[in-house]
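# Observations on chain architecture
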Amino acid sequence: MSGLLGARTCPGPGETSDLKFPLGAKFREPLTEARFQQLFGDAEQEPEPLAEPRWSRLRGLWRRRAGARSGLGAWRLLLARLPPLRWLPRYRWRAWLLGDAVAGVTVGIVHVPQGMAFALLTSVPPVFGLYTSFFPVLIYTLLGTGRHLSTGTFAVLSLMTGSAVERLVPEPLEGNLSGIEREQLDAQRVGAAAAVAFGSGALMLGMFALQLGILATFLSEPVVKALTSGAALHVLVSQLPSLLGLPLPRQIGCFALFKTLAAVLTALPRSSPAELTISALSLALLVPVKELNVRFRDKLPTPIPGEIVMVLLASVLCFTSSLDTRYNVQIVGLLPGGFPQPLLPSLAELPRILADSLPMALVTFAVSASLASIYADKYSYTIDSNQELLAHGVSNLVSSLFSCFPNSATLATTSLLVDAGGNTQLAGLFSCLVVLSVLLWLGPFFYYLPKAVLACINISSMRQMFFQMQELPQLWRISRVDFAVWMVTWVAVVTLSVDLGLAVGVVFSMMTVVCRTQRVRCLALGLAEGTELYRPLRESHKLLQVPGLCILSYPTPLYFGTRGQFRRILEWHLRLGEGGQLTPKTDSPPDAVAEPVRVVVLDCSGVTFADAAGAREVVQLASRCRDAGIHFLLAQCNASVLGTLTQAGLLDRVTPEQLFVSVQDAAAYALERLELTGPKTCTVWV
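Residues numbered from 1 in each chain as written. Predicted model: local features only at pLDDT ≥ 70, side-chain atom pairs only at ≥ 80, totals over all residues. Heavy atoms only, no water.

## Here we look at the packing of helix α8 (residues 155-168) against helix α10 (residues 221-238)
The line we're drawing: To get an axis, a line is fitted to the C-alpha atoms, and for a helix only the part in contact is used. The angle between two axes follows their N-to-C directions and goes from 0 to 180 degrees. Numbering goes from the N terminus for both helices and strands, where a helix is a DSSP run of H or I of at least four residues and a strand is a run of E of at least two. Every angle not falling under 35 degrees, over 145, or within 65 to 115 is termed oblique; those three ranges are roughly parallel, roughly antiparallel and roughly perpendicular. Take the far helix as your reference; a near helix turned counterclockwise from it by less than a right angle gives a left-handed crossing, and one turned clockwise gives a right-handed crossing. Here a residue-residue contact requires only that any non-hydrogen atoms of the pair lie within 4.5 Å. Only Asp, Glu, Lys and Arg are considered charged, only Ala, Val, Leu, Ile, Met, Phe, Trp, Tyr, Cys and Pro nonpolar, and every remaining residue, Gly among them, polar.
Between α8 and α10, the shortest axis-to-axis distance is 9 Å and the interhelical angle comes to 60 degrees. Classed by the angle they form, the pair α8 and α10 counts as oblique. You can see that α8 and α10 cross each other, and the crossing is left-handed. Contacts between α8 and α10 involve A155, V156 and L159 from the former and T228, A231, H234, V235 and S238 from the latter. Grouping the constituent residues of the contact of α8 with α10 by class yields five nonpolar, three polar and no charged.

## Quick word on the confidence of the model for the protein chain
In regions of low pLDDT, the predicted coordinates are not meant to be interpreted in detail. Worth spelling out the cut-off: For every residue, the pLDDT score states the predictor's confidence, bounded by 0 at the bottom and 100 at the top.
Confidence along the protein chain averages 81 in pLDDT terms, with 85% of residues attaining 70 or more. Predicted confidence is poor over residues 1-25, with pLDDT under 50, and the contacts of this stretch with residues over four places away or in other chains come to 44 contacts. Within the model, pLDDT remains below 50 along residues 679-686, and this stretch shows 38 contacts once partners closer than five positions in the same chain are excluded.

## Topic: the packing of helix α16 (residues 350-378) against helix α17 (residues 385-400)
Direction vectors running N to C along α16 and α17 enclose 130 degrees, while the axes themselves pass 10 Å from each other. The orientation of α16 with respect to α17, classified from their angle, is oblique. The interaxial crossing formed by α16 with α17 has right-handed handedness. Contacts between α16 and α17 involve T364, F365, S368 and A372 from the first element and S385, E388, L389, H392 and N396 from the second. A class-by-class count of the residues in the contact of α16 with α17 yields three nonpolar, five polar and one charged.

## Details of the pattern of salt bridges
Threshold: Think of a salt bridge as a Lys or Arg side-chain nitrogen and an Asp or Glu carboxyl oxygen that are within 4 Å of each other. Relative accessibility under 20% of the residue-type maximum defines a buried residue, over 50% an exposed one, and the middle range a partly exposed one, all with a 1.4 Å probe and only protein chains included.
For the structure shown, the criterion picks out eleven salt bridges. For E166, the salt bridge goes to R189, with nearest N and O atoms at 3.2 Å. With E166 in helix α8 and R189 in helix α9 (residues 179-209), the pair connects residues that are 23 residues apart, well separated along the chain. On the basis of relative accessible area, R189 is assigned to the buried category, the value being 4%. Between E291 and R463 there is a salt bridge; the shortest N-O distance is 3.3 Å. One end of the pair, E291, is in helix α13 (residues 273-295); the other, R463, is in helix α21 (residues 463-466), and 172 residues separate them in sequence. We classify E291 as partly exposed; its relative accessible area is 27%.

## Brief notes about the environment of S200
Along the polypeptide, S200 turns up in helix α9. Spatially, the C-alpha atom of S200 lies 8.5 Å from that of P359, the residues being 159 residues apart in sequence. Contact partners of S200, with chain neighbours within four places excluded, come to S357, M360 and A361.

The structure is reproduced here in structure tokens:
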């Protein structure tokens, strides 16, 4: 290390300096990338590849899985893919069991009415909502890594699935179907919903096999929140016919929300007074109970199960008053006991439902992963995003064999699980026991349940999604770009449809990222007096600028989309015209005598990556600088960018001595070796 330190600690006798050195400052020689590798790395080491190809990573993955055939490897794979083998031996039975039991039973009680309600939103009979509240929860308990995550029916997915089902299996125009015809229509719709779940699960398993858990990052938080808020409005409008007792066909496609509103307003005189009264009384009970649960969550030992209370009261009222026969109130009817026979969905439907399954798979994973991450951060544990893909993929695929529709984690039941004292995935087993008891024994008690009550449960469960709009003022203050993403996504979801709105939101969000890389300013740096720090010149007039030395910082990726901007900015700063000839700056005063640039230092610390087009642009810039007599230096390139530039032929234009580890080293080299006038900073402080 003796060669690293400089011999001088301050300006020599009789020398003057424009720079105020701190007392006791130490100096070292400027470090190039090559010198740095000699001192701190293996000089003979082969350059690291730019990025491991996808096929190489897949090959390595399959090799590791093949190696897992040994006993130790198989056990490690089993531990990774079955999380209960890791957390169950460390389970604190005395401290956690009661909380998991209470939370699981509480969530299970909510799953029963909510599952039946969301089944109607999916355009399938209510009992299939109970199946979807049982099988996916059981599977996620065995495969999921989110300790506080509650899975099952989700309003947004139910709405998207219902739109797909109505398009694939539309209701006959003549209406007034017989009992047999209604059963056949329901069976076809159940098959279509199960096929959508099968396709969604298969896509998530494919993403897991390719280790594509990172794809969830493309659904940013503003996109997800705007999607769920817009979908909540769709749910509210779609339930209006059930609230009012109007037998209207479901509207699908673009502008479905406005079509439904128009149809409801037109048919409003034909609304049923009995069902309207039931809906009003149900909302009058459900909404205040929801508010009490939120306001007194810390004081209540367990949340008040308003949904199940409302279901029991409405069922008793309908039975004792014979509302179904006297006032033609629509009721749930008989819930078949037991489980359906396992049945593989029709594979012929898969090509038709692929366009529906893909957005559902993305929404499922994005919502579930974000919810799991929120509670993992809150309770100090980690989740595996790829394992979450496996858990939700298997959950959707296997449950589709039992006629379940697409499912995911839900915000309402997850927060309910946490508020009720849940600690681990074991709470899911207690939730399954509650749903199982309804499927096996308690189903007949829901025979007289009015469907209007289920519509009210759907609407009241949207409370948290509607209240997400309260975050908009804060989002406006933090980032107006994110605010624009939120609003564009929400408007697209409301006016078009949920899946098209999702696509618009993702595309617009990615466009904002690209546009921000196009609007980045290239900063000219100057030396802060009394330090070795280089800061943008526009920040202070006290920064020192050495005549003939131009230090530029380009803080954005260098790729095909920014190469033109990069070329124009560098040409303007270096006054390079056509053919590399020097030209005056266009904004300089006519009588100004500009000092010609002799050395340019390009700070690449903000260039996170460079593609072939961007790398060739840097190589061409180096060639033009050489032709114009400008010494070209690069500083602070990361390994990936430096490797790309090297492959593009940079070392044919510059020498390794022109590549530096920092801006300070490059500037010190320029001042010392090229004899530039200015502050005599021939060494770098350490």
